Structures are given as C-alpha cells and as structure tokens.
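Coordinates in review
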Amino acid sequence: MKITSIYSKFIQGAPICTDTRKVTKGCIFFALKGDNFNGNSFAEEAINNGALLSVIDDESFYTLKDSMILVQDVLKTLQSLATHHREQLNIPIISLTGSNGKTTTKELINAVLSKKYNTTATQGNLNNHIGVPLTLLSMSSDTEIGIVEMGANHLKEIELLSKISLPDYGYITNFGKAHIEGFGSLEGVVKGKTELYKYLKEENKIAFINTNDERQVIESTNLDKVTFGSGNSDYTIELLDASNVVKVKYNNVDITSNLIGLYNFNNIAAAIAIGVFFKVSENKIKEAIEDYIPTNNRSQRIEKKGHNIILDAYNANPTSMMAAIKNFEQSEGINKVLFLGDMFELGDTAKEEHQIVTDYLSKNKIGNTYLIGTNFFKTSTEAAHVNLFKTFEDLKEFIANLQLKKCTILIKASRGMALERIVELL
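Residues numbered from 1 in each chain as written. Predicted model: local features only at pLDDT ≥ 70, side-chain atom pairs only at ≥ 80, totals over all residues. Heavy atoms only, no water.

The protein is annotated in an unreviewed UniProt entry as UDP-N-acetylmuramoyl-tripeptide--D-alanyl-D-alanine ligase from Patiriisocius hiemis. Quoted verbatim from the Function (unreviewed entry) field of the UniProt record, the comment on the protein reads "Involved in cell wall formation. Catalyzes the final step in the synthesis of UDP-N-acetylmuramoyl-pentapeptide, the precursor of murein." Quoted verbatim from the Subcellular location (unreviewed entry) heading of the UniProt record, the comment on the protein is "Cytoplasm". (UniProt positions renumbered as here; feature names shortened; annotations may be inferred.)

This is how it looks when you write it as structure tokens:
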C-alpha cells in the first residue's frame, strides 16, 4: 500500500533523491543508511529544503507525519518502487554484467540502440543495489528500451539485481579475476555472474552469448539465446585489426572504432549483435560505433607534450591488467613507458597476483616500467627497467626529475589509486 502511495507521487513528476545535498523542490527523499551515516537524521532537513516527501525507517525521526512515510526498510522500499515502475513501463530491458568491460559495452549498446529508439541506460557506474533502482526510476514513459548495468562483488548480488530489474535480455561480458576478495575464487566469480543466466532461464528470457568465449558457451547451455562471434553464430563479426584502434567487419560493412585493445573487440561485437537483433540498420550501427569516444579514464587516448597516452585508470584486476599490458606490448609506439598501480579487492591472492604482473614485466621488456602502490612495492624483481614505488607521492618526486620525450605511455590501476594524476605531471 505504501509503495502505491509513493508511486502515485513519483509518477506525477516527483523525482527521487537519496542525498540531501541534491534535494530539489518537490522531490521524494529516501533516507538510506550507510556505514558512516543515517539518512533518517536528514529526513526533516530534506523536507525543509523543499522535498515533497521523506521515506524513513526509524520511528524516532518521524517528526513531520504529513510529509513523511514510515516504512520497515528504506532500501527495500526504493528497490520495490523501482521494480513496480519497471512493471508499469512494460518495455524491453537489457541487463549486463561481467568482470571487465561492462561500462564500455553498455555505452556502446546505448549508442547503437539510441540510433533507432529512445533509450535510458545506467549513468556512469550506478550499477549496485542502489544504482540499479535509480536507473530504473530514471526511465520515463518515453523510454522504449532500457539498458541496465549490474555490478557485483559477492554471491547473490546479481540474483537480487535481476529480480529488481526483471530483464528480458541479458549479457555477460566475461569472467575474470575481479572482486576475488568477495567471490573467493574465479569459480566464485563464474557462479556469481551466471546468476543472471539462472534468472533468464527461470523466466524464459533471452541471453546474448559471445561464442568466442568458450566458458560463456558452456555456461549458457540450455538457455534461449542469440549468439555472435567470429564464426558459427547467429551474427558473424570479423576482427580486421587491433594493432592501433579496433577495426571490425559485419556483413561487408567495415567499422573503425576509437577503442584500443583486442579486448574491446568483444565489447564492439556485442553492441553490433544487439543492434542487429533490434533491427538497427547496419549504417546506423557503424555510425554509432565510429562516433563513440571513450571517457572517464577508460581506454582514453590523450596527446600531451608529444606523448601518446593510454589512460585506463578507472579500474583494474589481474585479468584486465594483463590484457592491457599484452595489448600495449603488441601495439605500435615509440619509447614505451608503463605506469601501473595496485589492483584492489584481491583478498589473499593479492601478493601472488601482483607478483605475476611484476614477473611478466621483468621478463618481457616492453619499456621502462613504474609500479606504484603497497602491493606492487612488496613484489620482487631484479630487472633494471622495473621500478617500484610504495606511494604516489614517491613516484611524483621521481617523475619531477624524469626526462620523458615523445613517449607512448600506458597508465592503468584500480580506481582508488587515482593514477590519472600522472597525466598532470608529464
């Protein structure tokens, strides 16, 4: 009953807000709790700042009863409201997850589908138990297709997000060594991500499967699916070149992207396949992919003071780190330099995984290499071209005296390392 009451106000134009710093006149404030804050304590302030309604779950803050709704759990109410809204919209929803490439793939799919439809897609990385509901609630009656990115760092999370978003279609980019601390192992990652497949099977929905990925093929047995890949698939997409930017071919149409790295071939192929499935014309698909330019520190190409910089400092795990290194190793460029930072959320495997990276770089001299962070600093190497720095400040002091001229530079690390700061130092 309370969901219906809240929804009646939402559907009349009251936007959703979860942060009192962003309260707007006439919004509905959800008093969420976090590790270091209790949103209930801001509920009255939100009303005073113009909110139409505050949704709370602590009776001690139930002070303005005409403008507050007391529920058992604010987060679950937000999630239920999102699912209720999704059901009213009655549109196809595509949900995607995976260890690497989720956001880039989501952006590419959105770019392609928006050539034919009004789409609403996850903004940034709002892909968790709060972000997914907010994404669904951002969809309007004008939305024709929704694209929902789902992130997870432990088991049962994708199951929950699937039940919230009720997708009609699903796609898993890959299984990699990401969030091992939460999943426990690579097999734990597979089990967690394939909770999306389990949902699709139970609800008789459709999965998009990359046949180039043998594990995806195995895990999707018995699913209703649409396949794509280099061969023997519903949609055959050919890789033409990845030595610089990724170039592909579909049905005699050549597409030259602005994305670097062989690992982006699968992301592009998924967007092409999904576009064709939803009857976007080949020329429009080509236009969308060729116009897409990566941002937000994800495989960005930057020219600065004669340097050709590949900035990929949004995230990193052992799988994506090695893929980036090997792609950089094979790519064109002069005077190669690598700035690599710690990979987070690896739990007990952190020491081993960082040493594997250091060993590879020590044995394969790609260029002068600078490894930054407490985990990399603990690794050992006798290679003169591999340098270890415990902190960014240590590196900063070193760079000040480093004479770099017209280099090809790779910068990659987990988000918490904020290695994009290196660009300012060059």
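This part covers the sheet that holds strand S19 (residues 408-412). Sheet architecture is open: six strands sit in the order S14-S15-S19-S16-S17-S18, paired in mixed fashion. A strand with exactly one partner marks an edge of an open sheet, and here the two such strands are strand S14 (300-304) and strand S18 (386-389). Neighbour-to-neighbour, the strand axes of this sheet turn through a mean angle of 15°, independent of strand direction. In this sheet, S19 lies alongside strand S16 (residues 336-341) in parallel orientation, the contact comprising five bridges. Residue pairing across strands places Val337 opposite Ile409, the latter belonging to S19. (Pairing = 2+ DSSP bridges. Helix = DSSP H or I, 4+ residues; strand = E, 2+ residues; numbered from the N terminus. Axes fitted to C-alpha atoms, helices over the stretch in contact; angles between N-to-C directions.)

Turning to empty space enclosed by the protein, a few remarks are in order. This structure, assessed with the given rule, holds one cavity of 30 Å³ or more. Of the volumes computed, that of the largest cavity is approximately 40 Å³. Every residue lining the largest cavity is listed: Ile260, Tyr263, Ile310, Asp312, Ala324, Asn327, Phe328 and Leu410. For the lining of the largest cavity, the secondary structure elements donating two or more residues are strand S15 (307-312) and helix H13 (318-330). When residues in the lining of the largest cavity are grouped by element, the largest group, three residues, is from H13. Of the residues belonging to the lining of the largest cavity, the class tally is six nonpolar, one polar and one charged. (1 Å grid on protein atoms, 1.4 Å probe; cavity = no way out; pocket = protein on both sides within 12 Å on 5 of 7 lines; lining within 4 Å. Points joined across faces, edges and corners; volume = space filled by probe spheres on them. Nonpolar A, V, L, I, M, F, W, Y, C, P; charged D, E, K, R; others polar.)

On to the environment of Ser114. Relative to the assigned elements, Ser114 resides in the loop between helix H4 (102-113) and strand S6 (119-121). Classification of Ser114 by relative accessible area gives partly exposed; the value is 38%. The spacing of Ser114 and Val280 is 166 residues in sequence and 9.1 Å in space, taken between C-alpha atoms. Among the polar contacts listed, one links the side chain of Ser114 to the backbone oxygen of Ala111, at a separation of 3.1 Å. (Buried < 20%, exposed > 50% of the residue type's maximum accessible area, 1.4 Å probe, protein only. Polar contact = N/O pair within 3.5 Å; in protein donor to acceptor, adjacent residues only side chain to side chain.)

Here we come to helix H9 (residues 195-202). Listed as buried for H9 are Glu195, Leu196, Tyr197, Tyr199 and Leu200. Each element contacted by the buried residues of H9 is listed here: strand S5 (93-97), helix H6 (157-165), strand S8 (169-172), helix H8 (186-193), strand S9 (206-210) and helix H10 (214-219). Phi turns positive one or two residues past the end of H9, at Asn204, with a value near 55°. (Contact = heavy atoms within 4.5 Å.)

Once that is clear, we can look at the UniProt feature "binding site: ATP" (unreviewed entry) in the protein. Using the residue numbers shown here, the UniProt feature "binding site: ATP" (unreviewed entry) corresponds to Gly98, Ser99, Asn100, Gly101, Lys102, Thr103 and Thr104. You can see Gly98 is positioned in the loop between S5 and H4. Setting aside anything within four residues of it in sequence, one finds Gly98 in contact with Ile172, Thr173, Asn174 and Lys193. For Gly101, the location among the structural elements is in the loop between S5 and H4. The contacts of Gly101, once residues within four sequence positions are left out, are Thr173 and Asn267.

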